[in-house]
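Residue strings, one per chain:
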Amino acid sequence: MSKELQLQAFERLLVIMDELREQCPWDKKQTLQTLRHLTIEETYELGDAILDNDLNEVKKELGDLLLHIVFYAKIGSETNAFDMADVCNEICDKLIHRHPHIYSDTVVKDEEEVKQNWEKLKLKEGKKSVLEGVPRSLPALVKASRIQDKVKGVGFDWEEPHQVWDKVQEELEELQVEVKAGDQDKIEAEFGDVLFSMINYARFLNVNPEDALERTNKKFIKRFQYLESKASDMGKPLMDMTLAEMDVFWNEAKKQ
């Protein structure tokens with residue numbers, strides 16, 4: 001599709017948003033605050049579609065998310081705080097400023113140097129910490145991954161994967177010490193350290209820990225539902241089955 005047709009499609013969405021905001025009782029009532037949880041939900045739905053590699057669903061979910069962006073901009077324009085042009089120009093200016101290797105004479109040798117320059121530029125823009133860009137409301141696993149990415153950008157990182165694995169082993173040993181001691185608060189603290197170090201190790205393996213865990217979640221759900229289906233075929237509730245009986249169907253599910 002040509003750039004002109006893409007712009008026409010975007011203009012069509014802007015016009016529809018104006019009409020909905022003026023005429024639809026539900027759309028009239030929405031605020032930045034009431035849309036927030038819906039936007040988060042749409043983002044997760046997009047994430048699901050990406051993990052399923054369902055490109056048609058990705059297209060639909062991108063549309064839902066784009067609608068929210070346009071909706072926020074429309075609300076902003078009603079108080080003259082900002083409009084869609086401001087939103088677009090803001091991100092364009094940021095991208096140009098943070099890509100001096102494209103729009104200026106800065107030379108970079110690889111992707112890693114691009115990331116380091118990005119973090120340095122953010123600090124020059126007035127941020128006091130490289131971690132300011134990590135949203136407080138991120139899920140803990142995603143937040144840990146982003147924290148580690150951020151500090152890596154300024155050189156705070158391990159040099160070799162085996163060093164990170166040694167740290168995982170160290171944290172596991174410390175966890176076992178606290179498990180034996182039975183102090184629940186310390187067990188929780190050490191368990192968190194184990195998770196944090198495992199997430200760090202995943203980064204060195206070029207594995208996204210969120211994607212990896214969700215992949216396992218989906219696999220477990222599929223296998224467990226197979227087990228439930230087989231139990232139903234037998235007319236026997238799962239709670240009345242022995243673990244050995246369940247294990248037979250579980251192993252069958254693994255071979256599917």
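Residues numbered from 1 in each chain as written. Predicted model: local features only at pLDDT ≥ 70, side-chain atom pairs only at ≥ 80, totals over all residues. Heavy atoms only, no water.

- Going by an unreviewed UniProt entry, the protein chain carries the name Nucleoside triphosphate pyrophosphohydrolase and comes from Flavobacterium cupriresistens.

**Considerations on a negative patch on the surface**
For step 1, the next point in the chain: On the surface, a cluster of negative charge is contributed by D83, D86, E90 and D93.
For step 2, the next point in the chain: Tracing the chain through its elements places D86 in helix α5 (residues 84-97).
For step 3, the next point in the chain: Note on D86: relative accessible area 39%, which makes it partly exposed. (Patch = residues over 30% accessible without salt bridge, like charges linked within 9 Å, V, L, I, M, F, W, Y side chains within 5 Å. Areas by Shrake-Rupley, 256 points an atom, 1.4 Å probe, with all protein chains shown as cover. Salt bridge = Lys/Arg side-chain N within 4 Å of Asp/Glu carboxyl O. Lys, Arg positive; Asp, Glu negative; His and termini not counted. Charge placed at Lys NZ, Arg CZ, Asp CG, Glu CD. Helix = DSSP H or I, 4+ residues; strand = E, 2+ residues; numbered from the N terminus. Buried < 20%, exposed > 50% of the residue type's maximum accessible area, 1.4 Å probe, protein only.)

**Details of the environment of L66**
For step 1, the next point in the chain: Within the fold, L66 resides in helix α4 (residues 55-78).
For step 2, the next point in the chain: Residue L66 is classed as partly exposed on the basis of its relative accessible area, which comes to 32%.
For step 3, the next point in the chain: Considered as a pair, L66 and E42 are 24 residues apart in the sequence and their alpha carbons are 9.9 Å apart.
For step 4, the next point in the chain: If near-sequence neighbours (up to four positions away) are discounted, L66 is found in contact with F10 and L13. (Contact = heavy atoms within 4.5 Å.)

**Thoughts on the packing of helix α9 (residues 161-181) against helix α10 (residues 184-204)**
For step 1, the next point in the chain: Viewed as axis vectors pointing N to C, α9 and α10 meet at an angle of 165 degrees, and their least axial separation amounts to 9 Å. The orientation of α9 with respect to α10, classified from their angle, is roughly antiparallel. Along this stretch, α9 crosses α10, giving a crossing that reads as left-handed. Contacts from P161, V164, W165, K167, V168, E171, L172, E174, L175, E178 and V179 in α9 reach K186, I187, E190, F191, D193, V194, S197, M198, N200, Y201 and F204 in α10.
For step 2, the next point in the chain: Looking at the contact of α9 with α10 residue by residue, the class counts come to 13 nonpolar, two polar and seven charged. (Axes fitted to C-alpha atoms, helices over the stretch in contact; angles between N-to-C directions. Parallel < 35°, antiparallel > 145°, perpendicular 65-115°, else oblique. Left-handed = near helix turned anticlockwise from the far one by under 90°. Nonpolar A, V, L, I, M, F, W, Y, C, P; charged D, E, K, R; others polar.)

**Some points on the UniProt feature "domain: NTP pyrophosphohydrolase MazG-like" (unreviewed entry) in the protein chain**
For step 1, the next point in the chain: Sites flagged by UniProt as "domain: NTP pyrophosphohydrolase MazG-like" (unreviewed entry) map to residues 30-102 and 164-223.
For step 2, the next point in the chain: Overall, residues 30-102 shows 84% helix and 0% strand. The separation of its end C-alpha atoms is 40 Å.
For step 3, the next point in the chain: The span residues 164-223 is 90% helical and 0% strand by assignment, and the distance between its end C-alpha atoms comes to 32 Å. (UniProt positions renumbered as here; feature names shortened; annotations may be inferred.)

**Considerations on the nonpolar core**
For step 1, the next point in the chain: M17, L35, V70, F71, Y72, A73, I75 and M84 together form the largest nonpolar core, which totals eight residues.
For step 2, the next point in the chain: Here the element with the most residues in this core is α4; it accounts for five residues.
For step 3, the next point in the chain: Once residues lying within four places of it in the same chain are set aside, the contact partners of M17 are D27, L67, V70, F71 and K74.
For step 4, the next point in the chain: Within the second largest apolar cluster, five residues are counted, among which are A231, M241, M246 and F249. (Core = buried A, V, L, I, M, F, W, Y, C linked by side-chain atoms within 4.5 Å.)

**Topic: a nonpolar patch on the surface**
For step 1, the next point in the chain: Judged by side-chain polarity, L66, I69 and V87 come together as a nonpolar surface patch covering roughly 200 Å² of accessible area.
For step 2, the next point in the chain: Relative to the elements of secondary structure, I69 occurs in helix α4.

**A look at the layout of surface pockets**
For step 1, the next point in the chain: Its boundaries defined by the atoms lining it, the largest pocket holds a volume of some 620 Å³.
For step 2, the next point in the chain: Lining the largest pocket we find 18 residues, and of these T43, Y44, P139, V142 and E210 sit closest to its centre.
For step 3, the next point in the chain: When contributions to the lining of the largest pocket are tallied by element, the ones reaching two or more residues are α3 (32-51), α8 (140-152) and α11 (209-234).
For step 4, the next point in the chain: It is α3 that provides the largest number of residues to the lining of the largest pocket, a total of nine residues.
For step 5, the next point in the chain: Looking at the lining of the largest pocket residue by residue, the classes come out as nine nonpolar, four polar and five charged.
For step 6, the next point in the chain: Considering only enclosed or pocket space, the second largest pocket measures out at about 380 Å³ in volume.
For step 7, the next point in the chain: Lining the second largest pocket are 17 residues, with S145, D149, R203, V207 and N208 sitting closest to its centre.
For step 8, the next point in the chain: Taken together, the elements giving at least two residues each to the lining of the second largest pocket come down to α8, α10 and α11.
For step 9, the next point in the chain: Residue contributions to the lining of the second largest pocket peak at six residues, all from α8. (1 Å grid on protein atoms, 1.4 Å probe; cavity = no way out; pocket = protein on both sides within 12 Å on 5 of 7 lines; lining within 4 Å. Points joined across faces, edges and corners; volume = space filled by probe spheres on them.)

**Focus: the packing of helix α1 (residues 3-23) against α4**
For step 1, the next point in the chain: Closest axis-to-axis distance for the α1/α4 pair is 10 Å, and the angle between their directions is 55 degrees. In terms of orientation, α1 lies oblique with respect to α4. The crossing of α1 and α4 is right-handed. Contacts between α1 and α4 involve F10, L13, L14, M17, D18 and R21 from the first element and L66, L67, V70, F71, K74, I75 and E78 from the second.

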